[in-house]
Amino acid sequence: MAALANNYMIILKRILEERFLPYLPPLLGNAPNRHSSKEKQLSRAFSAFVLHKLCGLAPNIAAAAVVDDFDDKGLDAVHYHERNETLYLVQVKLKESEQFKQVDAHAFCEGVRLLLAQEFDQFNDNLKTRRVQIENAIDTCSHIHLVIAYTGDGVSQNATNALDSLVNSDQEEERLEKNITYYKSENIVTDLLNENIRTLAGSVEIPIQKCQKIDEPRTTYYGMVKVADLIELHQRHEKILYERNIRYFLGSTRSEINKSIKSTLGDNPKDFFYFNNGVTAVCDSIELKGNSNNRKLKVRGLSVINGAQTIASAAEFKQQNPTKQIDDARVMFTLIKVHSEGEFGKKVTKSRNHQNPVHITNFASLDEKQEFLRQEMAHHNYLYHYRPEANSTNSNNIINLDETIRALVLSKNDPRYPAILKKESLRVSNPASDEYKSIFAEDLTGLQLINTVLCERVIRELIQSNDKRGETDRLIYRHGILAITAVMLKRLRNKINANLLTSDLIKQDISHSFDELRQHAADIANSQMYEGALAFFRKQENVITFTATLMIKNFSLSADQALPHLKNISDPSDQYPKQRLFDYLIQRAPQI
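Residues numbered from 1 in each chain as written. Predicted model: local features only at pLDDT ≥ 70, side-chain atom pairs only at ≥ 80, totals over all residues. Heavy atoms only, no water.

A.B. asks: Which residues make up the overall build of the chain, and what are the values?
C.D. replies: When helices and strands are tallied, the chain shows 28 helices and 14 strands. The burial tally for the chain puts 52% of its 592 residues in the buried class. Contacts in the chain between residues far apart in sequence, at least 24 positions, make up 72% of those at least 6 positions apart. Accessible surface, the chain: about 27700 Å² in total, of which carbon and sulfur atoms supply 44%. (Helix = DSSP H or I, 4+ residues; strand = E, 2+ residues; numbered from the N terminus. Buried < 20%, exposed > 50% of the residue type's maximum accessible area, 1.4 Å probe, protein only. Contact = heavy atoms within 4.5 Å. Areas by Shrake-Rupley, 256 points an atom, 1.4 Å probe, with all protein chains shown as cover.)

A.B. asks: Quick rundown of the packing of helix α5 (residues 102-116) against helix α8 (residues 157-168)? Include the residues and the values.
C.D. replies: Where α5 meets α8, the axes come as close as 7 Å, and the angle between the chain directions of the two elements is 15°. By the angle class used here, α5 and α8 are roughly parallel. The interaxial crossing formed by α5 with α8 has right-handed handedness. Contact with α5, carried on its side by Q102, A105, H106, F108, C109, V112 and R113, involves N158, A159, A162, L163 and L166 of α8 and no other residues of that element. (Axes fitted to C-alpha atoms, helices over the stretch in contact; angles between N-to-C directions. Parallel < 35°, antiparallel > 145°, perpendicular 65-115°, else oblique. Left-handed = near helix turned anticlockwise from the far one by under 90°.)

A.B. asks: Outline the sheet that holds strand β5 (residues 203-207), supporting the account with residue identities and numerical values.
C.D. replies: Taking strand neighbours across the sheet as the criterion, the three strands line up as β5-β10-β9 in an open arrangement whose pairing is antiparallel. Of all the strands in the sheet, the pair left with one neighbour each is β5 and β9 (285-289). Across the sheet, the mean angle separating the axes of adjacent strands is 25° when strand polarity is ignored. Two elements, β5 and strand β10 (residues 296-300), share five bridges in a ladder whose sense is antiparallel. From the neighbouring strand, E205 faces β10, where its bridge partner is K298. (Pairing = 2+ DSSP bridges.)

A.B. asks: With reference to specific residues and values, describe a nonpolar patch on the surface.
C.D. replies: Taken together, the side chains of I214, Y222 and M332 define a hydrophobic patch exposed on the protein surface, amounting to about 230 Å² of accessible area. In this fold, Y222 is placed in strand β7 (residues 220-226). (Patch = residues over 30% accessible without salt bridge, like charges linked within 9 Å, V, L, I, M, F, W, Y side chains within 5 Å. Salt bridge = Lys/Arg side-chain N within 4 Å of Asp/Glu carboxyl O.)

A.B. asks: Can you explain the pairing of strand β8 (residues 279-283)? Please cite residues and give values.
C.D. replies: Most of β8 is tucked away, with five of its five residues classed as buried. Neither face of β8 is exposed, since V279, A281 and C283 on one face and T280 and V282 on the opposite face are all buried. Two strands pair when backbone bridges link them, and β8 and strand β12 (residues 330-337) are joined in this way by five bridges, in the parallel orientation. Along β12, the bridge assignment pairs V279 with F333. Sheet topology places β8 next to strand β11 (residues 303-306); three bridges connect them, and they run antiparallel. By the bridge assignment for β11, V282 is matched with S303.

A.B. asks: Provide a residue-level description of the packing of aromatic side chains, including the pertinent values.
C.D. replies: Each aromatic ring pair is specified by the distance between its two centres and by the angle formed by the two planes. Enumeration according to the criterion identifies eight aromatic pairs in this entry. Plain terms: the ring middles of Y384 and Y386 are 5.8 Å apart, the flat faces sit at 45° to each other, and that makes the pair tilted. With respect to burial, Y384 and Y386 carry one shared label: buried. Aromatic side chains F536 and F546 sit 6.5 Å apart centroid to centroid with 85° between the ring planes, which places their arrangement in the edge-to-face category. Of this pair, F536 sits in helix α25 (residues 533-538) while F546 sits in helix α26 (residues 540-554), and the two are 10 residues apart along the sequence. Accessibility expressed as a relative area gives 1% for F536, which makes it buried. Judged by its relative accessible area of 0%, F546 falls in the buried class. Counting every residue linked through ring pairs, the aromatic cluster contains F20, F46 and F49. The ring of Y584 is capped by R588, whose NZ or CZ atom sits 3.5 Å from the centre of that ring. (Phe/Tyr/Trp six-rings, centres within 6.5 Å; stacked < 30°, edge-to-face > 60°. Lys NZ or Arg CZ within 6 Å of the ring centre and 35° of its normal.)

A.B. asks: Describe the nonpolar core, listing the residues and the values that go with them.
C.D. replies: By size, the foremost hydrophobic cluster in this structure holds 73 residues, and its most contacted members are M377, Y384, I399, F440, F537, F546 and L563. Looking at this core, the element that brings in the most residues is helix α20 (residues 446-468), giving nine residues. Every residue in contact with L563, bar those within four places of it in the chain, is listed here: I552, L557, L581, Y584 and L585. With 35 residues, the next largest nonpolar core counts Y221, L302, A315 and A329 among its residues. (Core = buried A, V, L, I, M, F, W, Y, C linked by side-chain atoms within 4.5 Å.)

A.B. asks: Tell me about the layout of surface pockets, and please be specific about residues and values.
C.D. replies: A volume near 540 Å³ is recorded for the largest pocket. As for the largest pocket, its lining consists of 21 residues, of which K40, S43, D68, V92 and K95 are closest to the centre. If you list the elements that add at least two residues to the lining of the largest pocket, you get α2 (32-35), α3 (38-55), β2 (86-93) and α5. Residues belonging to the lining of the largest pocket are distributed by class as follows: six nonpolar, five polar and 10 charged. (1 Å grid on protein atoms, 1.4 Å probe; cavity = no way out; pocket = protein on both sides within 12 Å on 5 of 7 lines; lining within 4 Å. Points joined across faces, edges and corners; volume = space filled by probe spheres on them. Nonpolar A, V, L, I, M, F, W, Y, C, P; charged D, E, K, R; others polar.)

A.B. asks: How would you summarise the sheet that holds strand β6 (residues 209-214) if you had to cite specific residues and measurements?
C.D. replies: Taken in spatial order, the five strands line up as β6-β7-β12-β8-β11 in an open sheet, and their pairing is mixed. Strands with a single pairing partner mark the edges of an open sheet, and in this sheet they are β6 and β11. Across the sheet, the mean angle from the axis of one strand to that of its neighbour is 25°, orientation sign disregarded.

A.B. asks: Got a sec to walk through the confidence of the model for the chain? Specific residues and values, please.
C.D. replies: The predicted model of the chain has a mean per-residue pLDDT of 86, with 89% of residues at 70 or higher. Low confidence marks residues 246-253, where pLDDT is under 50. Its contacts with residues over four positions away, or in another chain, come to 46 contacts. Across residues 354-358, confidence stays below pLDDT 50; counting only partners more than four residues off in sequence or on other chains, it has 14 contacts. (pLDDT = per-residue confidence, 0-100.)

A.B. asks: Can you tell me about the pattern of salt bridges, naming the residues and giving the values?
C.D. replies: Side chains that carry opposite charge are capable of pairing whenever their charged atoms lie near each other. Under the defined criterion, the tally for this structure stands at 24 salt bridges. The residue E98 makes a salt bridge to K93 at a minimum N-O spacing of 3.2 Å. Accessibility expressed as a relative area gives 10% for K93, which makes it buried. In this structure, the salt-bridge partner of K213 is D215, at a minimum N-O distance of 3.1 Å. Overall, K213 belongs to the partly exposed group, its relative accessible area being 45%. Judged by relative accessible area, D215 falls into the partly exposed class, the value being 46%. The network of salt bridges with common partners includes R19, K53 and E195.

A.B. asks: I'd like a rundown of the environment of L166, residues and numbers included.
C.D. replies: With respect to the secondary-structure elements, L166 resides in helix α8. Residue L166 is classed as buried on the basis of its relative accessible area of 0%. Considering only alpha carbons, one finds L166 and A105, 61 residues apart in sequence, at a separation of 9.9 Å.

A.B. asks: Could you give me a rundown of the pairing of β10, with the residues and numbers involved?
C.D. replies: Burial along β10 is one-sided: the residues L297 and V299 are buried and none of K296, K298 and R300 is. Sheet topology note: the β9/β10 ladder contains five bridges and is antiparallel. Residue pairing in the sheet places E287 in a bridge with K298 of β10. In textbook terms, the turn of a hairpin is the stretch between consecutive antiparallel strands, and for β9 and β10 this stretch comprises six residues, one of which, G290, has a positive phi near 85°.

Take a look at the structure:
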């Protein structure tokens, strides 16, 4: 079991500090240096976080259950959940790299035994002040449940044995449940990401005419639905209604199809059914209600996977023409009971999205990795727009897919990428390509994505500011921007993989180093170019040579004795040209 990754530990600690720490009981005793440390307080807050997630408690209620302090006898939190008549006893370990050990388990087991024996004199004042409450809980509870929460890389076998011995002992309280909850790193990650999940809560009812059902191989209903009813759904739920579509609303000004939808509604609403391809949705459950004259589909987990442009264009039309009657406008509606995240749901989404022109990048929205990244980035107050939409506004805290792909590609070791981005950008934006899979690897975190994009933005801004100054080398900066950025990003890897950056901090840290790099780039390009800058930087072999020379110069490696040999190695099995040379140079990139 892997320990909690650093990117999630950063998020967790911030949540603990902001949401739970203010509500914790005061620390006891007269040892402020020992017990008032931030790490100690965060550990106490972790107990509250665990109860908040497992029992659905408000942060202040969960924090009130914390008894963690000196003389806590291994008990970090005690909570009685009246609804299920369960007494929860919690011990936590907020250590990034440590297992839950035997000594931790023994302390917890001792505390459990003392509490169930109601030997309150053995505990600290945090628990003693709740004596009456806890005595009543012990008397009335039907279940006593143990919770072990940790962020390290597992529970030692000796600790497991000690805990199992406690719950399986014939001499212990019979209400003590044998199944212990181990709240580990994967549970923490799931709960953190779920805070930012976007789903259609509850059920919706959709009136449908001429309704037909197919039972096999998948439960499917189809029939005619009033456009006005779909508009109502859109107005009530907006973007969440299209969460599993490959795009949000593109806007009527950007699509001739969407203009046509609005035109038909205005001029011939009765003919809308014949001119439109229809709407397809998936859901988790379907219940057919009403009689033959008044059928309704009661649906849970609804997501429109094709037809977002139809519904949203119609809603925009109605907003602009509130008095226009469109009750005669109907559309073919297909509803399939299938999990939208499953492979079949994704295939349906991909197959049915061809009414409006589809860019290959749009299908990245079907990649689960993109949604996980969005959920993580939301914890850092960044909005990740990985599916196209009309209402995307410019903001420093909004990151779109195109700039993400560009930044991540340029951070990679492969020296061909600057030229590929210039001539064959679809190669890296196609979700089926090896290039896309390499940049959106499983170990890519939302924090790394944010930092990489912020670094790329600052570098791009600095390069473009030199272009605008009208310097003689402006064409080199303009057309060599991708290669120059790729080199600078190699010097920022430590920063990218650490804590959350800001644009101002990046600019402050790299300004001097960038000026050096800019001058090196101009000198090298002027010495290598035998044609215009645009033509030079479009050729892959030129970019590879330029990038290697720029790295050697900027990384102060000209005297490195290993370089002559590495420059002459050309292995057909390499993943990219001069792989050993570039890997060697990048490993030695001086970090800013």
